[in-house]
Amino acid sequence: MALWTSAFIIAWKRRAAVLAYRWGTWGYEDEEVTRPELYGDDSSSKLHDDKESDDQKPVERHYALWKRLLKYSVTMPCVAGSIAAVVTVAYYGFSTRDKLEAQSLATKREAAQIADKIKKLRAITLEDLQHLARLGVRWDFWVYLLLTPILYGLLIPVLDAAFTRAARSLNNWENHRTESRYQSHLILKVFSFRFVHVFASLYYYSFALKPPAPAPTGNPQTVTVWFALLSNSPRSW
């Protein structure tokens, strides 16, 4: 199969070269033409035949390099600012979620300590009841725990489409001469943004997140106290 594939590719290249030479299109793809959307100063190049009229003279549009570089100094910070904004929002959302989760684990540890105390004394005191009443899970814990990954997954295609449209507008404003240069700058902008915002959660949990402290193992009585605390605490709803 590998030999057949290699032979087919070589034969096709030879056939394509023969047809291109026969049709007079040899090397045509190597010549790039100016994009119709390019705007700039018009300049006419003189032809060798002086009898031709001015209408037949080819018109070339030129755009100063310093103007394009000046536009780069605006578009590149816009791209970098968009990436920084996405990273900031993702970091804030996931870090807040992890802080609330850490608080929930701390509450669970306190409930486990109270359960162990009750198990040892085989009795529950008024102080223990008051302590359990003060414990609870904040209502926004469930919001960040459940909605953060859902919203992040839904925002990925939305932000992708919005930034791609904005990148095309910035690319058109940069006024590139050839189509290949236009596509190269567009790919650079879109790929840079996607490379960061699509994998922002992966970067956060790989490099920014500190490993949490291990939760203590509990017995059935600890689990019972914990679930009773969650279901009866007014702060959890």
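Just so we're clear, the structure is a prediction, and the values are computed from it rather than from any experiment. (Residues numbered from 1 in each chain as written. Predicted model: local features only at pLDDT ≥ 70, side-chain atom pairs only at ≥ 80, totals over all residues. Heavy atoms only, no water.)

Some words on the nonpolar core
One finds V79, I83, V86, F163, A167, Y182, L186, V190, F193 and V196 forming the largest nonpolar core, which totals ten residues. Secondary structure elements with two or more residues in this core: α2 (65-121), α4 (139-174) and α5 (179-197). Per-element accounting of this core gives the leading share, five residues, to α5. Judged by nonpolar contacts, the second largest core, of five residues, contains A90, F94, Y152 and A200. (Core = buried A, V, L, I, M, F, W, Y, C linked by side-chain atoms within 4.5 Å. Buried < 20%, exposed > 50% of the residue type's maximum accessible area, 1.4 Å probe, protein only. Helix = DSSP H or I, 4+ residues; strand = E, 2+ residues; numbered from the N terminus.)

Focus: unusual backbone geometry
Positive phi, close to 60°, is recorded for N175, a residue that is not glycine. Turning to its location among the elements, N175 is positioned in the loop between α4 and α5.

Observations regarding the UniProt feature "transmembrane region" (unreviewed entry) in the protein
The sites that UniProt annotates as "transmembrane region" (unreviewed entry) are residues 69-94, 141-163 and 186-205. Along residues 186-205 the backbone is 90% helical and 0% strand, and the end-to-end C-alpha distance reaches 29 Å. (UniProt positions renumbered as here; feature names shortened; annotations may be inferred.)

Digging into the side chain of K189
Among the structural elements, K189 can be located in helix α5. There is a polar contact of 2.9 Å between the side chain of K189 and the side chain of N171. Not counting residues up to four positions away in its chain, the partners in contact with K189 are T75, V79, F163, A167, L170, N171 and E174. (Polar contact = N/O pair within 3.5 Å; in protein donor to acceptor, adjacent residues only side chain to side chain. Contact = heavy atoms within 4.5 Å.)

Details of the pattern of salt bridges
Throughout the structure, instances matching the rule amount to four salt bridges. Measuring nitrogen to oxygen at the nearest pair gives 3.5 Å for the salt bridge that ties R35 to E37. Of the charged contacts, one joins E174 and K189 as a salt bridge, the two residues approaching to 3.1 Å between their closest N and O atoms. With E174 in helix α4 and K189 in helix α5, this residue pair connects regions lying 15 residues apart in the sequence. Look at E174 and you get buried, because its relative accessible area is 0%. Salt bridges linked by common partners bring R35, E37 and E179 together as one network. (Salt bridge = Lys/Arg side-chain N within 4 Å of Asp/Glu carboxyl O.)

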